[in-house]
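A look at the structure
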Amino acid sequence: MSEKLSETAHETDRRITIRWKVMLALGTVLIVLGLFVDWPPPQEAGLPDTSSFLVILGGLLCAAGFLAALRRG
């Protein structure tokens, strides 16, 4: 019985590790796209700039990944 619980805990730990690594990688990709790709200006004045939107979204995703990593530990 305890072996099954240990296996379940190990599987959950592995899934959490994969999730925070994917969040960090995706957040980094979004930040790089926002910083290094030359995006055309928005057609409407009310829309945010694409590069700043990607940098903010990438930063939030990286922060969520770091929090998931800290929670695991």
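Just so you know, these numbers come straight off a predicted model, no measurement behind them.

Let's talk about the pattern of salt bridges
As enumerated under the stated definition, the model contains two salt bridges in all. Among the ionic pairs, Arg 14 bridges to Glu 11, the shortest N-O distance being 2.6 Å. One end of the pair, Arg 14, and the other, Glu 11, are both in helix 1 (residues 2–36), three residues apart, so they sit about a helical turn from each other. Residue Arg 14 is classed as partly exposed on the basis of its relative accessible area of 40%. Relative accessible area serves as the criterion here: at 30%, Glu 11 is assigned to the partly exposed category. Glu 11 is paired through a salt bridge with Arg 15; the nearest N and O atoms lie 3.4 Å apart.

Some remarks on the environment of Ser 51
Position of Ser 51 relative to the elements: it lies in helix 2 (residues 50–72). Taking relative accessible area as the criterion, Ser 51 reaches 19% and is therefore assigned buried. As a C-alpha pair, Ser 51 and Glu 11 span 40 residues in sequence and 37 Å in three-dimensional space.

Let's talk about a nonpolar patch on the surface
A cluster of nonpolar side chains, contributed by Val 29, Leu 33, Val 37 and Trp 39, occupies part of the molecular surface with about 300 Å² of accessible area. Mapped onto the fold, Trp 39 is located in the loop between helix 1 and helix 2.

Reading the values: the criteria
- Residues numbered from 1 in each chain as written.
- Predicted model: local features only at pLDDT ≥ 70, side-chain atom pairs only at ≥ 80, totals over all residues.
- Heavy atoms only, no water.
- Salt bridge = Lys/Arg side-chain N within 4 Å of Asp/Glu carboxyl O.
- Helix = DSSP H or I, 4+ residues; strand = E, 2+ residues; numbered from the N terminus.
- Buried < 20%, exposed > 50% of the residue type's maximum accessible area, 1.4 Å probe, protein only.
- Patch = residues over 30% accessible without salt bridge, like charges linked within 9 Å, V, L, I, M, F, W, Y side chains within 5 Å.
- Areas by Shrake-Rupley, 256 points an atom, 1.4 Å probe, with all protein chains shown as cover.

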